[in-house]
Amino acid sequence: MSPPDANPGAAGQSMRPLPSDALIVVPVRNTVLFPEIVFPITLGRPATIAAAQQAVREQRQVLIVLQRDPQTNDPTPLDLHRTGTIANIVRYMTTPEGGHHVICQGVQRFRISEFVEGYPFLLARGLHIAEPAVDGSAIEARFMVLQEQVREVLDLLPRVPPELRQTVEATTSPGPLADLAATYLDASPSEKQDILETIDLLPRLDKVSKLLAHRLEVLRLSAEIGQRTKASLDTRQREVLLREQMASIQKELGDEGSNKQELADLEKAIADAKMPTEVEAQARRELRRLQRTPEAAAEYAMIRSYLETLVELPWAPPGPKPIDIAEARRILDADHFGLEKIKQRIIEFLAVRKLAPEGKAPILCFVGPPGVGKTSLGQSIARAMDRKFARVSLGGVHDEAEIRGHRRTYIGALPGNIIQAIRKAGARDCVLMLDEIDKMAAGIHGDPSAALLEVLDPEQNSTFRDNYLDVPFDLSRVVFITTANMLDTIPGPLRDRMEIIQLSGYTAGEKLEIAKRYLVRRQLEANGLKAEQVEIDDAALRRVIEGYTREAGVRNLEREIGRLLRSVAVEIAEGTVQKRHIAEADLEKILGAVRFENEVAMRSTVPGVATGLAWTPVGGDILFIEATRSPGGGRLLLTGQLGEVMRESAQAALSVVKGMAATLKIEPALFEKSDIHVHVPAGATPKDGPSAGVAMFMALTSLLTGRVIRSDTAMTGEISLRGLVLPVGGIKEKVVAAAAAGITRVMLPARNRRDYDDIPDEVRNSLEFVWLEKVDDAVAQALMPA
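None of these values were measured; they are calculated from a predicted model.

Looking only at helices and strands, the protein has 28 helices and 24 strands in total. Scaling as 2.2 N^0.38, a compact globule of 786 residues should have a C-alpha radius of gyration of about 28 Å, whereas the protein reaches 45 Å, well beyond that. Once the C-alpha set of the protein is aligned to its principal axes, its extents read approximately 125 × 105 × 60 Å. Taken over 786 residues, the protein has a buried fraction of 46%. In the protein, once contacts between residues fewer than 6 apart in sequence are set aside, the share between residues at least 24 apart is 73%. Working note: accessible area of the protein is about 39700 Å², and carbon and sulfur atoms make up 51% of it. Of the charged side chains in the protein, 97 are positive and 107 negative, and the gap between their average positions amounts to 2 Å.

What follows is about the pattern of salt bridges. One pass over the structure, following the stated rule, counts 48 salt bridges. Across the pair Arg109 and Glu131 runs a salt bridge, and its minimum N-O distance is 3.5 Å. Of the two residues, Arg109 sits in strand E5 (residues 100–116) while Glu131 sits in the loop between strand E6 (123–129) and helix H3 (137–156), which places them 22 residues apart along the sequence. Classification of Glu131 by relative accessible area gives partly exposed; the value is 39%. We note a salt bridge from Glu513 to Arg517, for which the minimum N-O separation is 3.5 Å. One end of the pair is Glu513 and the other is Arg517, both in helix H18 (residues 508–526) and four residues apart, which spans about a single turn. Judged by its relative accessible area of 23%, Glu513 is partly exposed.

In this section: the environment of Ile342. As for its placement among the helices and strands, Ile342 is situated in helix H12 (residues 340–355). Look at Ile342 and you get buried, because its relative accessible area is 8%. Residues Ile342 and Ile590, spaced 248 residues apart in sequence, show a C-alpha to C-alpha distance of 37 Å.

A few words on H12. Counted at 1.5 Å a residue, the expected span for H12 with its 16 residues is 22 Å, and the 23 Å between its end C-alpha atoms agrees. Those residues of H12 lying buried are Ile342, Lys343, Arg345, Ile346, Ile347, Phe349, Leu350 and Arg353. Tucked into the core, H12 has its buried residues touching helix H11 (325–335), strand E7 (363–367), helix H13 (374–385), strand E12 (479–484) and strand E13 (498–502).

Mapped onto the secondary structure, Asp457 falls in the loop between helix H16 (448–455) and strand E10 (464–465). A polar contact is formed between the side chain of Asp457 and the side chain of Gln460, at a distance of 2.8 Å.

Right, let's get into the sheet that holds strand E8 (residues 389–393). The strand order across the open sheet built from five strands is E8-E9-E12-E7-E13, with neighbouring strands paired in parallel fashion. Of all the strands in the sheet, the pair left with one neighbour each is E8 and E13. Pairwise comparison of adjacent strand axes, ignoring direction, gives a mean angle of 25° for this sheet.

With that settled, consider the environment of Ile41. Within the secondary structure layout, Ile41 lies in strand E2 (residues 38–43). Relative accessible area serves as the criterion here: at 5%, Ile41 is assigned to the buried category. Once the C-alpha coordinates of Ile41 and Ile64 are considered, the two residues, 23 residues apart in sequence, prove to be 9.7 Å apart. If near-sequence neighbours (up to four positions away) are discounted, Ile41 is found in contact with Val28, Ile64, His100, His101, Val102 and Cys104.

Turning next to unusual backbone geometry. For Gln59, which is not glycine, the phi dihedral falls at a positive 50°. On the secondary structure map, Gln59 appears in the loop between helix H2 (46–58) and strand E3 (62–66). A positive phi is found at Asp386, a non-glycine position, where the angle reads about 55°. Structurally, Asp386 is set in the loop between H13 and E8.

Quick look at the nonpolar core now. Note on soluble globular proteins: their nonpolar side chains tend to be buried together. Judged by nonpolar contacts, the single largest core of 54 residues is most densely connected at Leu432 and Ile437. Among the elements that make up this core, the one with the highest residue count is helix H10 (residues 298–312) (six residues). Setting aside residues no more than four positions away along its own chain, Ile437 makes contact with Leu394, Leu452, Leu456, Thr482, Thr483, Ala484, Ile490, Leu494 and Met498.

Let's shift gears to the packing of helix H9 (residues 277–292) against H10. Two elements in contact, H9 and H10, have axes separated by 10 Å at closest approach and are oriented at 155°. By the angle between their axes, H9 is roughly antiparallel relative to H10. For the element pair H9 and H10, the recorded crossing hand is left-handed. Here Val279, Gln282, Ala283, Glu286, Leu287, Arg289 and Leu290 of H9 come into contact with H10, specifically with Glu299, Tyr300, Ile303, Arg304, Tyr306, Leu307 and Leu310. In the contact of H9 with H10, the residues fall into nine nonpolar, one polar and four charged.

Time to look at the packing of helix H8 (residues 260–272) against H9. Two elements in contact, H8 and H9, have axes whose closest approach is 10 Å; the angle formed by their N-to-C orientations is 175°. One finds that H8 runs roughly antiparallel with respect to H9. Along its contact with H8, which presents Leu263, Leu266, Glu267, Ile270 and Ala271, the element H9 presents Glu280, Ala283, Arg284, Leu287, Leu290 and Gln291. Per-class residue counts for the contact of H8 with H9 are seven nonpolar, one polar and three charged.

This next bit is on the packing of aromatic side chains. A ring pair, where both rings are aromatic, is described by two values, the distance of the centres and the angle of the planes. Under the definition given, this model contains five aromatic pairs. Between Tyr756 and Phe769, the ring centres sit 5.2 Å apart and the planes meet at 85°, which makes this aromatic pair edge-to-face. Of this pair, Tyr756 sits in the loop between strand E23 (745–749) and helix H27 (761–766) while Phe769 sits in strand E24 (residues 768–772); the two residues are 13 residues apart in sequence, bridging distant segments of the chain. Assessed through its relative accessible area of 28%, Tyr756 is described here as partly exposed. Here Tyr756 and Trp771 contribute two aromatic rings whose centre-to-centre distance is 6.2 Å and whose plane-to-plane angle is 75°, an arrangement assigned as edge-to-face. Highlighted residues: Tyr756 in the loop between E23 and H27 and Trp771 in strand E24, separated in sequence by 15 residues. The class of Trp771 is buried, set by a relative accessible area of 18%. An aromatic cluster is defined as three or more aromatic residues linked by ring pairs; in this entry it consists of Tyr756, Phe769 and Trp771. The side chain of Arg408 reaches across the aromatic face of Tyr306, ending 3.7 Å from its centre. The ring of Tyr756 has Arg764 lying over it, and the distance from NZ or CZ to the ring centre is 5.1 Å.

Cut-offs and rules
- Residues numbered from 1 in each chain as written.
- Predicted model: local features only at pLDDT ≥ 70, side-chain atom pairs only at ≥ 80, totals over all residues.
- Heavy atoms only, no water.
- Helix = DSSP H or I, 4+ residues; strand = E, 2+ residues; numbered from the N terminus.
- Rg over C-alpha atoms; globule rule 2.2 N^0.38 Å.
- Buried < 20%, exposed > 50% of the residue type's maximum accessible area, 1.4 Å probe, protein only.
- Contact = heavy atoms within 4.5 Å.
- Areas by Shrake-Rupley, 256 points an atom, 1.4 Å probe, with all protein chains shown as cover.
- Lys, Arg positive; Asp, Glu negative; His and termini not counted.
- Charge placed at Lys NZ, Arg CZ, Asp CG, Glu CD.
- Salt bridge = Lys/Arg side-chain N within 4 Å of Asp/Glu carboxyl O.
- Expected span 1.5 Å × (residues − 1).
- Polar contact = N/O pair within 3.5 Å; in protein donor to acceptor, adjacent residues only side chain to side chain.
- Pairing = 2+ DSSP bridges.
- Axes fitted to C-alpha atoms, helices over the stretch in contact; angles between N-to-C directions.
- Core = buried A, V, L, I, M, F, W, Y, C linked by side-chain atoms within 4.5 Å.
- Parallel < 35°, antiparallel > 145°, perpendicular 65-115°, else oblique.
- Left-handed = near helix turned anticlockwise from the far one by under 90°.
- Nonpolar A, V, L, I, M, F, W, Y, C, P; charged D, E, K, R; others polar.
- Phe/Tyr/Trp six-rings, centres within 6.5 Å; stacked < 30°, edge-to-face > 60°.
- Lys NZ or Arg CZ within 6 Å of the ring centre and 35° of its normal.

In structure tokens form, the structure reads like this:
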């Protein structure tokens, strides 16, 4: 056949004859032609059109080769793959628009060895690759699997031509079937080229089978999704039909208005709720939607729940309630022992609320160790103000929706904890305690502490908008009280909105009074005993406080008292006793051996040991700093899980000691010839902070001078390289812990004198206080004579 060229003769006359052993190359962008496959190819580039026309003119075969990059418009030999397919041009066609198309039939694989230059199109020489012979059961097995896969794909594909099915069934050889499947497979040109380049039957069948398996999985999932969607549509049509039938049946039975009473009750509740105008308009709009919604619809229950929440909230402004300051003082004294400064601040708070009921009251935040009565103080404030009390626990909350609520578009949506607590309390002026505010954490659903910024801001919370309600709610009359164990984890902007009130730990005397007044009575009721049936003397209670508990609060003390009373309850229930007196001698039999020994017994009278004072989130504590020296090269070794700040304190302390070596009569060569090891027990407990500087200095001074530190003395304070003693925090907790441990003398920074009034009288009277300006004062007061 002759090509439809505009001037074919000119091209043929001007070009020298083609080599007989070379093939005309037709590069293609995205098509891979396999042997025995008939496939149309569109020609668009002048060189490609010229090559095809020359092949038709000379009735030669062509070599169909895939480009490496389909974007290349003028491919060179380097841009082509080295394996292609020899093909016969069955037909050459042109279109009225000027397009050129050829229909090619693949003949055989061909591997290019070299290209022939000097022609307007590409020519190539190479190796004709014959189809391998079928040999072995492994190939036959893979051939059968491939046949099944191809049949299943054809069954799942829509509108498959019957001729394609016939061709598949007529193909009885593995190679041609693999090539046929690869041709019509939804694979990338690079994957098809890989199959073309795979000559051996075994790996070629495996590659085609793997691609078919992936395609089958996609087709199966598509079919399953289609069936599920059709079933869902059928179910919805069935529901619509059933609802229409139900409506007709109700109309025939006269039950058409079965929910009219419920709607009327909701309408009356909306009218009686005294909602603001905006909120009432929203409620009536939702009520009209509810009236138009079929009762069986899922949206009916959602709208009804929303309206029930709206009408149950206390929208009406609360009436004025008198606050009796004397009665409030009596309630606080009856509920809590000690805490005089805290009670005074609460009385001031109540006095301001009494004089200015509409004023913006501060948000109080009680900060202190566990078990010191933070939550019960909130309950006492509610009693003193004669208001409802509600509590929201924020420990572990990491979702903003816990504060602001969920949007009603979600199934099972609820208001936030703030609105739910006010709804439960039934009063807009309740006392709302936000417990454990320091234990919130940001998560993938937002930061709840950021949501609390609006709640706890008196300037903003009058228009608080919960996501579920989607209308403003006035929180300005709610008395918010928060509690925390430590301030470090509370974000700065949130901490700035609250007035911090510190609650420190109780002394042993305060714990004794609390146990006698509250804990014993509470545990008697909890264990079904009467006051006349059991008596615990003061010596036994004090021994429980000192030997069986070690805490800032009184929770463990109450548990131990409960253990004592349960042992009595067993004896009374068995009938062996009618009344029991518990003395100190009975404790070991009931509670076991003493758990906490007095730390005074742990101290030794060897140089290099100093007693320091520490602050922890659960109260004060004492710690021992031990230093020892061994021959070496002047290294300082620090152990005991010390934090970075505490390690730096040790370095600073050693530098101060070196600087004062002459004053302290320490041989300078001692530092160069010795390694110094500082250890702070217990080794498993992490420790950090600058307040151990004085104790570190004294331990090193004691070690290097050979003079022992007084065993009745404990110390705290940060030091500078100039030898100054700087102030530290937590003085009250540290001093209370020192007194509880049997210490009789404490050395504190002179600039901490301001904290002296915060120390309980009982502790102040039992301790001798030494105030330090410089480390020289500590050396003079703490070291025993040589």
